[in-house]
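# Chain and residue survey
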Amino acid sequence: MAHIQLNNDLPGIRGLMAFSPKTAEPLNALAETLLRNDDNTLSRGERELIGTYVSYLNDCFFCQNVHGAMAGHYLTCDIAQIDSIKHDFKSAELSGKMKALLSIAGSVQKGGKHVTQSQIEEARKNSATDKEIHDTVLIAAAFCMFNRYVDGLGTSAPTDRQFYINRAPQRALEGYQSSVYH
Amino acid sequence: MPHINLTNEYPGIRSLFIYRPETAAPMNALVQAMLHNPHPSLSAGERELIATYVSRLNTCKYCCNIHGAIAKHQLGNNGDIVQQVLSDPETAPISSKMKALLKIAAKVQSGGKNVLPADIELARSEGATDIELHDAVLIAAAFCMYNRYVDGLATWQPDDAELYDKMGEQRAREGYLTPPFKVATGDSQ
């Protein structure tokens, strides 16, 4: 049961977006630009992985499952592999650049000032560009918002993780702008 | 020094908005909808107080100063209320409803799950509506994003109360969608 009367049965952030369409529009536009727009040197899968990892750190069940399933869809790996990256990305089969960016995202989750100069240098050493560093910080920051929005209003979410896996291909096709209406 | 190569003509989030206009557009549209556009029951000043308070809890100097200045101008040029809310909302001259909403905002800042049914009930008993509860949570959550964005990329955050006041006056009057004015910096000469 959500803390407020949403007047709909939609799960997680979708129920909130239907309740408040005026704020849903920019929230969806931000997600679309950050995670799905293809004018980006980070793949959709890599960006979804950053969102998944931060949602895991914030312990947001709905977001880490939605975006974990999206990452799995784009990176063609199963949910067990996504889980093992969340739990220990340093030992995962990821590029040095992605590991450096996930480390920055982990610091942003704790608070912006936790990002250190040496983390930035490590990302650059692994050939991360300014824009990739920028987008990593903003994706991590944005999920600190999405996660708090979803959990702060006590929204409900399907507990069956297969639900999220089943929906990922359609969401990948349609994008985030349409998420209120489905 | 910012972590990435940003213009030195604009401080804080404005330097990031110029760097990446594609993400600036929805971020500005969001803050305009949450804080500036007409609201059924919370004044723009009250909503700016929530943003200012959360920015202080996140120790984001730029956001706390600019939204504190906007709040001041939205509250009839009353900077005292802003300072009192920042030092202790419980004793500040604001409504009991606002105190309950600020308490919820502080819970959101420390993590969404920290908001408990008792916090919601307290706000309701002070007359808070579902829309107000929703908006207080979303404003608090969104400033956990804006604050991390500004500090996570180590943007330039000047120490200049007059400058924040001038920028705040502009935003209180015009909202968030108009261009910022250029700020001259020592090293841009």
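Residues numbered from 1 in each chain as written. Chains lettered and ligands numbered in written order. Predicted model: local features only at pLDDT ≥ 70, side-chain atom pairs only at ≥ 80, totals over all residues.

### A few points about the overall build of chain A
- The number of helices and strands found in chain A is nine helices and zero strands.
- Secondary structure elements of chain A, listed N to C terminal, follow the sequence α-α-α-α-α-α-α-α-α.
- Computed over its C-alpha atoms, the radius of gyration of chain A comes to 16 Å, within 12% of the 16 Å expected for a compact globule of 182 residues.
- Overall size of chain A, expressed as C-alpha extent along the three principal axes, is 50 × 30 × 30 Å.
- Within chain A, the proportion of its 182 residues that are buried is 50%.
- Long-range pairs, those at least 24 residues apart, make up 72% of the contacts in chain A with a sequence separation of at least 6. (Helix = DSSP H or I, 4+ residues; strand = E, 2+ residues; numbered from the N terminus. Rg over C-alpha atoms; globule rule 2.2 N^0.38 Å. Buried ≥ 20, exposed ≤ 12 C-beta atoms within 10 Å, placed from the backbone. Contact = placed C-beta atoms within 7 Å.)

### Structural notes on the environment of Ser87 of chain B
- For Ser87 of chain B, the position within the fold is in helix α5 (residues 79-87).
- Put simply, Ser87 of chain B and Arg56 of chain B are 31 residues apart on the chain and 9.7 Å apart in space, counted from C-alpha to C-alpha.

### A closer look at helix α4 (residues 61-75) of chain A
Residue and element names in this part refer to chain A.
- Taking 1.5 Å per residue as the helical rise, α4 with its 15 residues ought to reach 21 Å, and the 20 Å between its terminal C-alpha atoms agrees with that figure.
- In terms of burial, α4 is largely enclosed, as eleven of its 15 residues are buried.
- Turning to α4, its buried residues number three or more, namely Phe62, Cys63, Gln64, Asn65, Val66, His67, Gly68, Ala69, Met70, Ala71 and Gly72.
- Packed against the buried residues of α4 are α1 (12-19), α3 (44-57), α5 (79-87), α8 (130-152) and α9 (161-174).
- Of the residues trailing α4, Thr76 is marked for its positive phi of about 45°. (Expected span 1.5 Å × (residues − 1).)

### Focus on the interface of chain A and chain B
- With 39 residues of chain A at the contact, the number on the chain B side is 37 residues.
- Those elements that place two or more of their residues in the side of chain A that touches chain B are α2 (21-36) and α8 of chain A.
- If you tally residues by element for the side of chain A that touches chain B, the top one is α8 of chain A, at 15 residues.
- By residue class, the composition of the side of chain A that touches chain B is 21 nonpolar, twelve polar and six charged. (Nonpolar A, V, L, I, M, F, W, Y, C, P; charged D, E, K, R; others polar.)

That's the geometry; what it means functionally is another story.
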